[in-house]
Amino acid sequence: MGGTMAKKNEAEDGEEETIGVEDQIDLAGWGNLQTLAYLAAFLFIVSDGMELIVTNVTFRAMPQEKWGMDDTNRGYLISASFMGFVVGGLVGGFVADQVGRRTMLYVHTAIFLPFTICSGLSQDYETLMLARLFVGLSMGIVLPTSVAYFSELCPTSYRGRAIGSLPMIGFTMGEVIVLLVGLFFMRIYGETDCGGDGCDWWRWMMVAGVFPDIIAVSLVFFFLPESPRFLLARGRVEEAEKAVRYIAEFNGASDKLAGGGRLTPVLGGGGEDPRKLFLELFEAPLRDNLVLVIVVWSLLSLPLFGMSFSFPILLEKQFDVSPSLQFMLMIPFVMAESVGIAIAFLMIDNTGVGRKRTIAAFEVSCVVLLGFAAYVSDWSLSWVVWSYLLLKVVTAAPYNVMYVWATELLPTTHRNQGLSIGNSSTKFVGGVVLPVLLTALVIAQGMETASRMSFAGYVAACVIVVAIVLNMGRETVGRVMTDVADESQDDSHLLLTERHIPSGQGYEPLQP
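Residues numbered from 1 in each chain as written. Predicted model: local features only at pLDDT ≥ 70, side-chain atom pairs only at ≥ 80, totals over all residues. Heavy atoms only, no water.

**So, the packing of helix α7 (residues 156–189) against helix α15 (residues 337–348)**
Just so we agree on the cut-off: Comment: axis = line fitted to C-alpha atoms, over the contacting stretch for helices; angle = value between 0 and 180 degrees taken between N-to-C directions. Counting from the N terminus, the helices are the DSSP runs of H or I reaching at least four residues and the strands are the DSSP runs of E reaching at least two. Relative orientations are named as follows: roughly parallel for angles under 35 degrees, roughly antiparallel for angles over 145 degrees, roughly perpendicular for angles from 65 to 115 degrees, and oblique for any other angle. Contact criterion: two residues are considered in contact whenever any of their non-hydrogen atoms come within 4.5 Å of each other. All amino acids are sorted into three groups, where Ala, Val, Leu, Ile, Met, Phe, Trp, Tyr, Cys and Pro are nonpolar, Asp, Glu, Lys and Arg are charged, and the leftover types, Gly among them, are polar.
Relative orientation of the contacting elements α7 and α15 amounts to 175°, with a least axis distance of 10 Å. One finds that α7 runs roughly antiparallel with respect to α15. Across from Gly 160, Arg 161, Gly 164, Ser 165, Pro 167, Met 168, Ile 169, Phe 171 and Thr 172 in α7, the residues of α15 making contact are Glu 337, Ile 341, Ala 344, Phe 345 and Ile 348. The class makeup of the residues in the contact of α7 with α15 is 8 nonpolar, 4 polar and 2 charged.

See below:
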């Protein structure tokens, strides 16, 4: 069966032993191709990280008076980007499972580049709003697609840490880069008092994301094949075998493939009606996993997105810090995520901990820190900065671990769609609805009171997540990803160390 465990066909005695996509990729190992694939996905996510915060942190430099904007418009602009992300994720995920991962990455870039440049050149609020909507749409396409694409090219024993590090490190680097771009251009245009047209450093921050994106799409175009998992799941066996052989040759490991890279067609895979595949997400056996992904991921987005939205505003409104000081305080805030990354890396691939307990452990820590920040700290600048730094550590890691867990819970035939629906749900809850609600709460209650009230809500979300992940869903650490939705073809219960590889292939078991 393609993409799962190599095994004897039990339907007919004497059938020759076969091997699937995941086994072939494991035999080829991690090499130059995986490094380039990782770099491409990483740079796509760096661009996404830049876009996540750029609207919020540049709003104060925009020509607010000239364009007739106030704090309400700030929330609308941020929500526009995330609403575009929701639409792009839903549509892009559905299409990517039909036309392929590489094609959708090209579609993303074709939308992203012109509208990102348009954002930086906008001359009125309406143009900027429309441009940010389409930028968000393009990012909704690229994030789940790049994660799914890389996961399907990655050997099993590297998958947890490699996929987890993509959003964890990529988002952080993107946010730091765009803040450094802002600090650089502030020295040219000035921080404040730039006249009625605002301070043009915000325009350069808007367009900075095009550069990593161009490099990423170039790597995909010149060096990377279509996902052999996707090809096999669509019934394109010869193309899948060609892609497997290309991967092995690129890695200098052609002699390590079993059967010269031969693959067996996936039973139940190959050219199904797209509408049927979409509806299957809402039927057993996929429905429970999809609902689990949506609910847990959306709850995890509340404290992460809420604090990312409120921290720069808190510095600006509550403490009246200058733009340059605001950016310098935000750099350690976004980099605090790397501490959570390091801890998560020690836990996520440990078979005694795994994906579920990693998420639960971070959420318990989040409850403790949120309670301290809301009810113990005196809400001075130093307390606020340290509280937000520590909370960034424990809120970002579990949100990003979900990229790994969700990828492994969904089969290849539905992976891009499922990831897109799950991730789009987080952007709708945390990026569209939450900023509007928090803006209204700040206007009604003031910044400090609104922050304390929101922290109480985040505590409730964390507690619910712990209860869900410890009692629902299967652990996937070290297990084989499935290709099709049929429960009878699900070998995910088999640990990597239990897989059987045809003898005489010079294969040594990989340890997760």
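Following the structure, the description resumes.
**Here we look at the confidence of the model for the protein**
Just so we agree on the cut-off: pLDDT is defined as a per-residue confidence score from the predictor, taking values between 0 and 100.
When pLDDT is averaged along the protein, the result is 83, and 88% of the positions lie at 70 or above. Mean pLDDT across the secondary structure elements of the protein bottoms out at helix α12 (residues 274–280), with 76, and peaks at helix α9 (residues 210–223), with 97. Overall, residues 1–15 carries pLDDT values under 50, and its contacts beyond four positions in sequence, including any with other chains, amount to 45 contacts. With pLDDT under 50 throughout, residues 487–512 is counted as low confidence; its partners more than four residues away or in other chains account for 59 contacts.

**Regarding the pattern of salt bridges**
Test applied: Salt bridge, as applied in this entry: a Lys or Arg side-chain nitrogen positioned within 4 Å of an Asp or Glu carboxyl oxygen. With a 1.4 Å probe rolled over the protein chains alone, any residue whose accessible area is under 20% of its type maximum counts as buried; one over 50% counts as exposed, and the rest are partly exposed.
The final tally for this structure, using the stated rule, is 14 salt bridges. One salt bridge connects Arg 159 with Glu 408, and the closest N-O pair in it is separated by 3.3 Å. Of this pair, Arg 159 sits in helix α7 while Glu 408 is found in helix α17 (residues 381–409), placing the two residues 249 residues apart along the sequence. The class for Arg 159 is buried, based on a relative accessible area of 1%. Taking the relative accessible area as the measure of exposure, Glu 408 reaches 4% and is therefore buried. The residue Asp 349 makes a salt bridge to Arg 355 at a minimum N-O spacing of 2.6 Å. Residue classification places Asp 349 among the buried positions, given a relative accessible area of 10%. By relative accessible area, Arg 355 is classed as buried at 1%. The network of salt bridges with common partners includes Glu 22, Arg 159, Arg 161, Arg 229, Asp 349, Arg 355 and Glu 408.

**Some words on the environment of Ser 387**
Looking at the element boundaries, Ser 387 is found in helix α17. The class for Ser 387 is buried, based on a relative accessible area of 9%. Note: C-alpha distance between Ser 387 and Phe 333 (54 residues apart in sequence) is 9.9 Å.

**Quick look at helix α16 (residues 354–375)**
The condition is simple: A helix is expected to span 1.5 Å multiplied by its residue count minus one.
With 22 residues, α16 ought to run about 32 Å at 1.5 Å a step, and its terminal C-alpha atoms sit 32 Å apart, in line with that. Among the residues of α16, those classed as buried are Gly 354, Arg 355, Lys 356, Thr 358, Ile 359, Ala 360, Phe 362, Glu 363, Cys 366, Leu 370, Ala 373 and Ala 374.

**Some words on the nonpolar core**
Rules: Buried residues of nine kinds, namely Ala, Val, Leu, Ile, Met, Phe, Trp, Tyr and Cys, make up a nonpolar core once their side-chain atoms join them within 4.5 Å.
Ranked by size, the top nonpolar core spans 141 residues in total, and within it Phe 150, Leu 179, Trp 201 and Phe 455 carry the most contacts. With 17 residues, the top contributor of residues to this core is α17. Counting 5 residues, the second largest nonpolar core, distinct from the first, contains Ala 96, Met 104, Ile 111 and Leu 137.

**Some details on the packing of helix α4 (residues 71–99) against helix α13 (residues 286–318)**
Heads up, the rule is: Left-handed describes a crossing whose near helix is turned anticlockwise from the far helix by less than a right angle; the clockwise case is right-handed.
Running from N to C, α4 and α13 point in directions that differ by 150°, and their axes come no closer than 13 Å. Considering their axes alone, α4 and α13 lie roughly antiparallel with respect to each other. Crossing angle aside, the handedness with which α4 passes α13 is right-handed. Residues Asp 71, Arg 74, Ile 78 and Phe 82 of α4 lie in contact with α13, whose contacting residues are Phe 305, Phe 309, Ile 313, Glu 316 and Lys 317. In the contact of α4 with α13, the residues fall into 5 nonpolar, no polar and 4 charged.

**Structural notes on a nonpolar patch on the surface**
We apply this condition: Like charges are joined within 9 Å and nonpolar side chains (Val, Leu, Ile, Met, Phe, Trp, Tyr) within 5 Å, but only among residues with over 30% relative accessible area and no salt bridge; these make up the patches. Exposure was quantified through the Shrake-Rupley algorithm and a 1.4 Å probe, taking into account, for residues, occlusion by the shown protein chains and nothing else.
On the surface, Met 83, Val 87, Leu 90, Val 91, Leu 130, Leu 133, Phe 428, Val 433 and Leu 437 cluster together into a nonpolar patch covering about 710 Å² of accessible area. Mapped by element, the contributors of at least two residues to the nonpolar patch are α4, α6 (125–151) and α18 (412–445). Residue contributions to the nonpolar patch peak at 4 residues, all from α4. We classify Leu 437 as exposed; its relative accessible area is 52%.

**Re helix α14 (residues 323–335)**
An ideal rise of 1.5 Å per residue puts 18 Å on 13 residues; α14 measures up with 18 Å between its terminal C-alpha atoms. Those residues of α14 that fall on the buried side of the exposure criterion are Pro 323, Ser 324, Gln 326, Phe 327, Leu 329, Met 330, Ile 331, Phe 333 and Val 334. Buried residues along α14 sit against α2 (32–58), α7, α8 (201–207), α13, α15 and α17.

**A closer look at the environment of Leu 302**
Relative to the helices and strands, Leu 302 resides in helix α13. Its relative accessible area of 18% is what places Leu 302 among the buried residues. Considered as a pair, Leu 302 and Gly 430 are 128 residues apart in the sequence and their alpha carbons are 5.3 Å apart. If near-sequence neighbours (up to four positions away) are discounted, Leu 302 is found in contact with Val 429, Leu 434, Tyr 458 and Ala 461.

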